[in-house]
Amino acid sequence: DGIGDTVRVSLTEAPEYEVPVAQALVDKYEGTQQEAQGFDPTFYSSLEYKKRETRGVQNIGGEHHVPVVIADFSEKENLEAEELKTIGHFYYPGLDKWKTNEFGADLIYLGDHQINFDVPGNLRVIYDYHTWTGLPQKAQEISYPLISFIDRDQAPQEHPYFLVVRMSDLGEILSNDISQNGILILDLQEYEGYRHARSFFVNLMQRDIKNPVIIRTGSKQTEDDPWLIDVSIAGGGPFIDGFGDGLWIHGPENINREKINNTSFSILQASRTRISKTEYISCPSCGRTLFDLQETTALVREKTDHLKGVKIAIMGCIVNGPGEMADADYGYVGSGKGKITLYRGQEVVKRAVPSENAVNELIGLIREDGVWVEPELVKENEL
């Protein structure tokens, strides 16, 4: 927005490890000359979170649906059931059953290829339009066609469909009606990113266009960290603003599909739009830290990372800790040498707990609230 002077990165590791990450973020925008975009605050304000109102098309969009994740298998000519484990769906031949974990993608895109097995009931398939039209009626009913913007007049009258649009199509989108069963896929090009996406969504809001929108993005970067930074900004930024009803990330050949899928869920987790794992809030180490922050965080994570949707804060001292963990469900805060204070939300529950007992006391607090699940049960369900 043209208003920042400082980049702050908060990591559990030692402070010096923050600098390379911050520098990578700065380098991405060095030399760019962009003015801040002005928007009518009636439709958008960067100072206040407001989720874009959309109509639900099956389980996409609407008031209560979480953003969906799409996995791209279009390059696979003969997809095997075993390969779906990379996106969180596991097939057990002996039982002839599917199991899905918390990172199970919601849809897969096959392009012009077809599959010879029944996918899990909670997974839907997207085909290119000409392939979808050749499917048997029953297969069409449980799948979706993908249509290019130039061929939008071929869209089904009633069946849900995906319509690929780009920033260059915005003018025509605003001047033409899109049927209510259409789900837009905003295909961000390499030179486009978060600012373009935000402009796109605000324009839709101004014209009261309420079709759900999937954000499709990627990067030409082939190294993990630069690729991750690119897709996180372009894909994650809009969700923090309340935009986006799904995420479709693609990557170069050396970024495997499992990493792409996990990155999609991590972006949605970080934007607080879809919680699929335990979330940890931790302060960076400083002179006031009263215990080994890295060691303690690793211990807390080891004991609790199977809990879905729980936010746990590990704070080094009582000075800034309570303020930094404002929205955590539970807090583990250093309050003296070898002493820990435990919080439920912003409420102090136990003071001066010996550090050697503090993790067990934290687990006991989670048990009291009926949130605790035994790790063995989680593993059993996954199997």
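Described below are features of the structure shown in this document.

**Details of the overall build of the protein chain**
Link 1 in the chain: Scanning the protein chain from N- to C-terminus turns up 11 helices and 15 strands.
Link 2 in the chain: Its C-alpha atoms give the protein chain a radius of gyration of 23 Å, within 12% of the compact-globule value 21 Å for 383 residues.
Link 3 in the chain: When the backbone C-alpha atoms are referred to their principal axes, the protein chain occupies close to 70 × 60 × 35 Å.
Link 4 in the chain: For the protein chain, the share of sequence-separated contacts (at least 6 apart) that also reach a separation of at least 24 residues comes to 54%.
Link 5 in the chain: In the form shown here, the protein chain has an accessible surface area of approximately 20,200 Å², with 47% of it arising from carbon and sulfur atoms.
Link 6 in the chain: Of note, the protein chain has its 37 positive side-chain charges centred 5 Å away from the centre of its 60 negative side-chain charges.

**Topic: the side chain of Asp106**
Link 1 in the chain: The topology assignment puts Asp106 in the loop between β3 (97–100) and β4 (107–111).
Link 2 in the chain: Judged by its relative accessible area of 14%, Asp106 is buried.
Link 3 in the chain: Not counting residues up to four positions away in its chain, the partners in contact with Asp106 are Pro67, Val68, Val69, Asn122, Leu123, Arg124 and Arg274.

**Digging into the pairing of strand β1 (residues 68–72)**
Link 1 in the chain: In terms of burial, β1 is a largely internal element, 4 of the 5 residues being buried.
Link 2 in the chain: As judged from the 3 bridges shared by β1 and strand β10 (residues 246–249), these two strands associate in the parallel manner. Counted as the bridge partner of Val69 is Leu247 from β10.
Link 3 in the chain: When β1 meets β4, the two strands line up parallel, connected through 3 bridges. In the strand pairing of β4, Asp72 is matched with Tyr109.

**Some points on unusual backbone geometry**
Link 1 in the chain: One non-glycine residue with positive phi stands out, namely Arg272, at about 60°.
Link 2 in the chain: Note on placement: Arg272 falls in the loop between α7 (257–270) and β11 (279–282).
Link 3 in the chain: Although it is not a glycine, Ala352 adopts a positive phi angle of roughly 50°.
Link 4 in the chain: Relative to the helices and strands, Ala352 resides in strand β15 (residues 347–354).

**Let's talk about the sheet that holds strand β14 (residues 339–344)**
Link 1 in the chain: The 5 strands lie next to each other as β11-β12-β13-β14-β15, forming an open sheet whose pairing is mixed. Every interior strand has two partners, whereas the edge strands, β11 and β15, have only one. Direction aside, the axes of adjacent strands within the sheet are offset by 20° on average.
Link 2 in the chain: Bridge count for strand β13 (residues 330–336) against β14 is 6 bridges, and the pairing is antiparallel. Looking at the pairing, Gly331 lines up with Tyr343 of β14.
Link 3 in the chain: Most of the contacts of helix α10 (residues 355–368) go to β15, to which it runs at about 150°, and overall it touches β12 (311–315), β13, β14 and β15.

Definitions and cut-offs
Residues numbered from 1 in each chain as written. Predicted model: local features only at pLDDT ≥ 70, side-chain atom pairs only at ≥ 80, totals over all residues. Heavy atoms only, no water. Helix = DSSP H or I, 4+ residues; strand = E, 2+ residues; numbered from the N terminus. Rg over C-alpha atoms; globule rule 2.2 N^0.38 Å. Contact = heavy atoms within 4.5 Å. Areas by Shrake-Rupley, 256 points an atom, 1.4 Å probe, with all protein chains shown as cover. Lys, Arg positive; Asp, Glu negative; His and termini not counted. Charge placed at Lys NZ, Arg CZ, Asp CG, Glu CD. Buried < 20%, exposed > 50% of the residue type's maximum accessible area, 1.4 Å probe, protein only. Pairing = 2+ DSSP bridges. Axes fitted to C-alpha atoms, helices over the stretch in contact; angles between N-to-C directions.

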